[in-house]
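Commentary on secondary and tertiary structure
Residue-level listing of the chains:
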Amino acid sequence: MENINYKWKHIIKLLETNGYEAYLVGGAVRDIIMKKQPDDADITTNATPDQIKDVFSEYTTIDTGIKHGTVTVVYNKEPYEITTYRTEKGYSDGRHPDNVSFTKNINEDLSRRDFTMNSIAYNPQKGFADPFCGEQDIKNHIIRCVGNPAERFTEDSLRILRALRFSSVLGFQIEEETEKAMHKCCKLLSNVSPERVYVELTKMLCGKNIRQVLMKYSDIIAAVIPEIKAMKGFNQHNFHHKYDLLGHTATVTQNISPAVHLRLAAFLHDVAKPLCMSFDENGTGHFYRHPSLGAKAADEILRRLKCDNKTREAVVTLIKLHDNPIEESERIIKRKLRTIGKDMLFDLIELQRADTSGLADEFHSRFEHFDKLEALTADILKREECFSLKDLDINGNDIIKLGYQGKKVGEILNGLLDAVIDGKAENSKAQLIEYVKNEL
Ligand code: ATP
Ligand code: MG
């Protein structure tokens, strides 16, 4: 623990100097036990929100959730959430506690928390307060509810997705009783707000253990995305595939970089396959139009989950294009750069490579193709070759001077760009003017 940066120690100290108790809680304690550097620090104290604000009167404080006892203190330009010890009673809507009350007892506060690994408090002088043996569970890589799992999931069903998220991110296994209750209670997830679902789902997708989580718990995830239900056990009847659709999807998701839009695209890229399967005379399965139908389904799913527009649009484009082969030709790559841009092109190559990783082994030799595509694209970019209108050595005003106007100007510019990309014209103003006069 020598390497841990105890930035939050000062905050605990200041609360203690003023006569209060204070502990580090939540993910930061988990990280310390796992010998990792915590990236944020939540602090819990028996001081009430007003008392917290008094103690930190010389600092900037934000009333983050003052009713629930949370005040954010900005210390050394970093925000720290300080929450009064509290208990929560009655979750009649399965989302929010009906009653939050403050308590003077740290163990009471710890007992309202979701999993044993998240119900540990740490104080530099007093050490760990760990009434539910969370340290043991962390060491054994186990996710276990505090108290009766079915009751805890009925109180707040988002905890079901949190369990999956932690299993994916930390690579921990879910304890049997907790797992049983997750299956039993997952229908309650329909009560949870889409925003909260989206946060947990995307964190889950970006975890290092996502393949296993998708394979084991697709029926639970289907409680929030029913469209994925048909993937499990879906045989594609096609020689490209050695896994069922779920195994393929889980492999592709695991093998793409953990960026939200890439993981979402991988997770949903074949979501429409069960909707459009057909068989040829040999009994081989085909899935015509699955990219465009999949893009449409992903668009609906992500709108429903209140995903931001930028991410949604990137995912939809990637799914739409995922099955279009890209030739190893400069001309084709420049055209792609022109139509979808460089970031999307690299993302698309990555998705196609990951998609290949989910095929039968004999198709893995195709990885070389994607390496070549990336190298070719990088080379075109490095040489600053022309692939967009703004790269042309001529602009709209030059075309107007040649006597054209209106829509025709744009048509001519696009014609010139085609000619440059195809190697029919050189990208210099004089040559392009000649080309307009002679060829367009
Ligand atoms: P990370 O910050 O790495 O995502 P974390 O464990 O700190 O993980 P947060 O969502 O920041 O998770 O929540 C902080 C703590 O609050 C948790 O460790 C847990 O003790 C408690 N907590 C959060 N959400 C819930 C919930 N839905 N039910 C019960 N306790 C919760
Ligand atoms: Mg946290």
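Let me sum up the structure you'll find in this document. From a predicted model like this one, the values you see are computed outputs, not experimental measurements. (Residues numbered from 1 in each chain as written. Chains lettered and ligands numbered in written order. Predicted model: local features only at pLDDT ≥ 70, side-chain atom pairs only at ≥ 80, totals over all residues. Heavy atoms only, no water.)

1. Things to note about the nonpolar core
Let me state the cut-off plainly: Within this scheme, the nonpolar core is defined by two criteria: the residues are buried Ala, Val, Leu, Ile, Met, Phe, Trp, Tyr or Cys, and they are joined through side-chain atoms within 4.5 Å. Think of it in three bands: with a 1.4 Å probe and only protein chains considered, a residue is buried below 20% of the maximum accessible area for its type, exposed above 50%, and partly exposed in between. Think of it this way: any DSSP run of H or I at least four residues long counts as a helix, any run of E at least two long counts as a strand, and we number them from the N terminus. Contacts were defined at the residue level, with two residues in contact if any of their heavy atoms lie within 4.5 Å.
Core analysis: the largest hydrophobic core is formed by 102 residues, its most contacted members being Trp8, Leu15, Leu24, Ile43, Leu164, Met204 and Ile228. With seven residues, the top contributor of residues to this core is helix H7 (residues 158-170). Residues contacting leucine 15, with those up to four places away along its chain left out, are Tyr20, Ala22, Ile43, Thr45, Ala47, Val55, Phe56 and Ile82. Cys386, Ile412, Leu413 and Leu432 belong to the second largest nonpolar core, which has 16 residues in total.

2. Re the packing of aromatic side chains
Test applied: Here is the rule: rings of Phe, Tyr and Trp (six-membered ring for Trp) pair when centre to centre is within 6.5 Å. Planes less than 30 degrees apart are stacked, more than 60 are edge-to-face, and the remainder are tilted. We call a charge positioned over a ring when the NZ of a Lys or the CZ of an Arg lies within 6 Å of the ring centre and within 35 degrees of the ring normal.
Applying the stated criterion to the full structure yields eight aromatic pairs. Aromatic side chains tyrosine 75 and tyrosine 80 sit 6.3 Å apart centroid to centroid with 55° between the ring planes, which places their arrangement in the tilted category. Through a chain of ring-to-ring contacts, three or more aromatic side chains come together here, namely Phe56, Tyr59, Tyr75 and Tyr80. Seen from the ring of phenylalanine 287, lysine 273 lies directly overhead, with NZ or CZ sitting 4.8 Å from the centre.

3. Brief notes about the site of ligand 1
The condition is simple: Each residue is tested against the molecule or strand, and it is near if at least one of its non-hydrogen atoms lies within 4 Å. Here a polar contact is recorded for every N or O atom pair within 3.5 Å, except that within protein the pair must consist of a potential hydrogen donor and a potential acceptor, and residues adjacent in sequence are included only if both atoms are side-chain atoms. Residues are grouped as follows: Ala, Val, Leu, Ile, Met, Phe, Trp, Tyr, Cys and Pro are nonpolar; Asp, Glu, Lys and Arg are charged; every other residue, Gly included, is polar.
Contacts to ligand 1 come from 14 residues, most closely from Arg30, Asn118, Asp156, Arg159 and Arg165. Contacts to ligand 1 include arginine 30, whose side-chain N or O atom sits 2.7 Å from an oxygen atom. One nitrogen or oxygen atom from the side chain of arginine 162 is found 3.0 Å from an oxygen atom belonging to ligand 1. Looking at the shell around ligand 1, the elements with two or more residues in it are helix H2 (27-33) and H7. Per-element tally for the shell around ligand 1: the top contributor is H7, with four residues. When its residues are assigned to classes, the shell around ligand 1 shows one nonpolar, three polar and ten charged.

4. What about the side chain of threonine 84?
Position of threonine 84 among the secondary structure elements: in strand E5 (residues 78-84). With relative accessibility at 1%, the residue threonine 84 sits in the buried group. For threonine 84, the residues in contact, after removing those within four places along its chain, are Thr44, Thr45, Asn46, Ala47, Thr48, Pro49, Ile52, Gly69, Phe102 and Asp109.

5. What about the pairing of strand E2 (residues 42-45)?
Rule in force here: Being paired, for any two strands, means DSSP has found at least two bridges between them.
Judged from the four bridges that link them, strand E1 (residues 22-25) and E2 form a sheet pairing that is antiparallel. Paired with leucine 24 across the strands is isoleucine 43, a residue of E2. The pairing of E2 with E5 spans four bridges and is parallel. Counterpart to threonine 45 in the pairing with E5 is threonine 84.

6. What to know about the sheet that holds strand E8 (residues 121-123)
Where we set the bar: For every element, the axis is a line fit to its C-alpha atoms; helices are fit only across the contacting stretch, and the angle between N-to-C directions ranges from 0 to 180 degrees.
Within the open sheet, the seven strands sit side by side as E3-E4-E5-E2-E1-E8-E9. Their pairing is mixed. Only two strands of the sheet have a single neighbouring strand rather than two, namely strand E3 (60-65) and strand E9 (127-129). Each adjacent strand pair in this sheet contributes to an overall mean axis angle of 35°, direction not counted. With two bridges connecting them, E1 and E8 associate as antiparallel partners. Each bridged residue has a counterpart across the sheet, and for leucine 24 the counterpart in E8 is tyrosine 122.

7. Structural notes on the packing of helix H15 (residues 330-340) against helix H17 (residues 367-382)
What counts here: Angle categories are assigned with fixed cut-offs, so that under 35 degrees is roughly parallel, over 145 is roughly antiparallel, 65 to 115 is roughly perpendicular, and the rest are oblique.
Relative to each other, H15 and H17 sit at 70°, their axes nearing to 10 Å. With respect to each other, H15 and H17 are oriented roughly perpendicular. On the side of H15, the interface is formed by Glu330, Ile333, Lys334 and Leu337, while H17 contributes Leu373, Leu376, Thr377, Ile380 and Leu381. Looking at the contact of H15 with H17 residue by residue, the class counts come to six nonpolar, one polar and two charged.

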